[in-house]
Amino acid sequence: MTQKQENYEAMKQRICERLAALGQSHIIQHLEQLDAAEQAAMLRQIDALDFSVLDPECADEKRGMFAPLYATTLEEIDQNRSRFTEVGLDAIRSGKVGAVLLSGGQGTRLGCTHAKGMVNIGISRELFIFECLIQNLKRVTDQAGVYVPFFIMTSAANHDETVNFFEEKNYFGYSKAHIRFFQQEQLPTVDTNGKLMLSEPGVISTAPNGNGGWYASMENTGILRELRNSQIEWLNVFAVDNVLQSIADPCFIGAVIESGSVSGAKVVAKTSPDEKVGVLCLENGRPSIVEYYEMTEEMRTRHEPDGTLSYRFGVILNYLFRTDQLEKTLSYKLPLHKALKQIRYMDEEGRIVDPEQPNAYKFETLALDLVKLQPNCLAYEVAREKEFAPIKNKKGDDSVDTARELLRRNGIVL
Ligand code: UTP
């Protein structure tokens, strides 16, 4: 046996022992049915996977003591708008601000077969979600007179098509030189019995590892090395599906800088105590987000002396982070959150199954967990009807229809 073969056999033995110890012997059985080349490819995939998801306690999170967090309200922002905006524009013009679009999601609720940003929401003309975001950013860059470096996070399934789409559409008029794509990592998915699944012969089923790992993925893909040598001090990170949001918003950036905070979060006032939205608050004295299902009745209905809800401000996944603070989070492993989803898989007979009901778990890190690692966070209120038109579902709330209506009301021709 050559040295190379010996190394290969040792790797195979190590991986098989590990799979057996983790209760995943069905994968070894599948491996044995593959030819030599397929086996080698599958072993390479398995060797690179993070199996921490197989620990039954990996997604258990203990929560601390919650308390309300004060927000800079629309009224206060209006009173200081011109000053905040000047401070923000100054930071943008000095090259201190970058924008990060989180576009690695699968958009399962919308039934996406491509990157969500490629969905055309126009009626009498083409208007792609990516195009809406670029137009929102261009409003700011036109005002500032400089381009903002724009980083786009993709995932395995949509990376190539996203890059090609932007190229084909000529970057929707943005500067190609200021756009960088980077790919997030994948994590294995498991069925409801905690077993790894196959997506096709010789391939373990995986899904994007959530939107929380974007800074670590920037590190893993080498982008941070370049960023550290740039002027960038702030990163505005935001979701792909809110077509109304302002990106690299100078007023928001200025408010955060003036407040001396190391991070900021755009928030909207809840429409009712029961609205299903994560609320920015304090947890053990640090900024945090409490999910609607984690709130007790007392928290949901508690009021301040002025009659407003104490836990009033919902997050819209648009954050500003100072990069020196983000650097400190790189050594920290973000918690995993487990979500039951409909995940296509290959059954024991080798048939590809498209389940009609949720059948398996995917594991995700969440951007909101990065907020918890910040010493402070400025909650910055935005007007819902001007800045919040998320596209999540096929029909009903937060759908293409509701977003179109909001775009129309903001003067966008569809
Ligand atoms: P969502 O939580 O709405 O997930 O993402 P999703 O995958 O787009 O949609 P569903 O839940 O399958 O219907 C919020 C934002 O985080 C990004 C999404 O692209 C969106 O901008 N995201 C989500 C990632 O970038 N990576 C992920 O792994 C998950």
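Above: the structure in question.
So, here is what we can say about the structure in this document. The model shown is predicted, which means the values in this text are computed figures rather than measured ones.

1. A look at the overall build of the protein
Scanning the protein for helices and strands turns up 14 helices and 20 strands. Scaling as 2.2 N^0.38, a compact globule of 414 residues should have a C-alpha radius of gyration of about 22 Å, and the protein matches this with 23 Å. Projected onto the principal axes, the alpha-carbon positions of the protein cover approximately 75 × 50 × 45 Å. Within the span of the protein, comprising 414 residues, buried residues form 51% of the whole.

2. Description of the environment of N80
Locating N80 in the fold gives a position in helix α4 (residues 74–93). For the pair N80 and G254, spaced 174 residues apart in sequence, the C-alpha separation works out to 9.8 Å. Within polar-contact distance, the side chain of N80 engages the backbone oxygen of E76 at 2.8 Å.

3. Some points on the site of the ligand
What surrounds the ligand is a group of 21 residues, the closest being L102, T108, Q184, V240 and K392. Between Q106 and the ligand, the recorded distance is 2.8 Å, taken from a backbone N or O atom to an oxygen atom. Its free accessible area being 560 Å², the ligand has 93% of it covered by the protein chains. Taken together, the residues of the shell around the ligand sort by class into 6 nonpolar, 9 polar and 6 charged.

4. Quick look at unusual backbone geometry
Trans is the prevailing form of peptide bonds, just as negative phi is the prevailing case for residues other than glycine. Unusually for a residue other than glycine, A248 sits at a positive phi of about 50 degrees. Judged by its relative accessible area of 0%, A248 is buried. A positive phi angle, near 50 degrees, is found at N284, a position not held by glycine. When you line up the elements, N284 lands in the loop between β13 (279–283) and β14 (286–290).

5. Brief notes about the pattern of salt bridges
A complete count under the given rule lists 29 salt bridges for this structure. E294 serves as the salt-bridge partner of R63, at 2.8 Å between the closest nitrogen and oxygen. Taken as a pair, R63 in the loop between α3 (36–48) and β1 (66–68) and E294 in the loop between β14 and α10 (297–301) lie far apart in primary sequence, 231 residues in all. Take E294: its relative accessible area is 25%, and that puts it in the partly exposed class.

6. Quick notes on the layout of surface pockets
Empty space within the second largest pocket amounts to approximately 630 Å³. Considering the residues around the second largest pocket, the lining is formed by 29 residues, among which R81, S246, D249, K386 and E387 are closest to the centre. Where the lining of the second largest pocket is concerned, the elements lending two or more residues are α4, α5 (129–144), α9 (250–259), β20 (378–381) and α13 (384–387). The element that contributes the greatest number of residues to the lining of the second largest pocket is α5, accounting for 6 residues.

7. Topic: the pairing of β20
Across the two faces of β20 the burial is the same, with L378 and Y380 and A379 and E381 all buried. Inspection of the sheet shows strand β2 (residues 71–72) paired to β20 by 2 bridges, in the parallel sense. Considered in β20, the bridge of A71 is made with A379. One ladder, built from 4 bridges, connects strand β12 (residues 263–269) with β20; its direction is parallel. Bridge pairing in β20 links V267 to E381.

8. Considerations on the packing of helix α2 (residues 25–32) against α3
Orientation of α2 relative to α3, taken along the N-to-C sense of each, is 150 degrees, at an axis distance of 9 Å. Considered as vectors, α2 and α3 are oriented roughly antiparallel to each other. Crossing of α2 against α3: the hand is right-handed. Listed contacts from α3 to I27, H30, L31 and E32 of α2 are Q39, M42, L43 and I46. Across the contact of α2 with α3, the residue classes break down as 5 nonpolar, 2 polar and 1 charged.

9. So, the nonpolar core
If you look at the biggest cluster of nonpolar residues, it comprises 59 residues, and the most contacted ones within it are I121, F130, F150, F166, I179 and V243. Those residues in contact with F150 that sit more than four places away from it in its chain are A99, L101, I134, L137, Y174, H178, I179, R180 and F238. With 34 residues, the next largest nonpolar core counts I232, L235, I289 and A367 among its residues.

10. Quick word on the pairing of strand β11 (residues 234–239)
Counting buried residues along β11, 6 of its 6 residues qualify, which places the element largely inside the surrounding structure. Alternating residues of β11 divide into W234, N236 and F238 and L235, V237 and A239, and every residue in both groups is buried. Looking at chain direction, strand β3 (residues 97–102) and β11 are connected through 6 bridges and run parallel. In the strand pairing of β11, L102 is matched with A239.

11. Brief notes about the environment of D274
Tracing the backbone through its elements, the reader meets D274 in the loop between β12 and β13. Taking the C-alpha atoms as reference, D274 lies 8.6 Å from T301; in sequence the two are 27 residues apart.

12. Some points on the packing of helix α1 (residues 3–21) against α2
Interaxial distance between α1 and α2 falls to 7 Å at its minimum, and their mutual angle equals 145 degrees. Together, K12, C16, L19 and A20 of α1 and S25, I27, I28, L31 and E32 of α2 make up the contact between the two elements. Each residue belonging to the contact of α1 with α2 can be placed in one class, and the counts come to 6 nonpolar, 1 polar and 2 charged.

The rules behind the values
- Residues numbered from 1 in each chain as written.
- Predicted model: local features only at pLDDT ≥ 70, side-chain atom pairs only at ≥ 80, totals over all residues.
- Heavy atoms only, no water.
- Helix = DSSP H or I, 4+ residues; strand = E, 2+ residues; numbered from the N terminus.
- Rg over C-alpha atoms; globule rule 2.2 N^0.38 Å.
- Buried < 20%, exposed > 50% of the residue type's maximum accessible area, 1.4 Å probe, protein only.
- Polar contact = N/O pair within 3.5 Å; in protein donor to acceptor, adjacent residues only side chain to side chain.
- Near = heavy atom within 4 Å.
- Areas by Shrake-Rupley, 256 points an atom, 1.4 Å probe, with all protein chains shown as cover.
- Nonpolar A, V, L, I, M, F, W, Y, C, P; charged D, E, K, R; others polar.
- Salt bridge = Lys/Arg side-chain N within 4 Å of Asp/Glu carboxyl O.
- 1 Å grid on protein atoms, 1.4 Å probe; cavity = no way out; pocket = protein on both sides within 12 Å on 5 of 7 lines; lining within 4 Å.
- Points joined across faces, edges and corners; volume = space filled by probe spheres on them.
- Pairing = 2+ DSSP bridges.
- Axes fitted to C-alpha atoms, helices over the stretch in contact; angles between N-to-C directions.
- Parallel < 35°, antiparallel > 145°, perpendicular 65-115°, else oblique.
- Left-handed = near helix turned anticlockwise from the far one by under 90°.
- Contact = heavy atoms within 4.5 Å.
- Core = buried A, V, L, I, M, F, W, Y, C linked by side-chain atoms within 4.5 Å.

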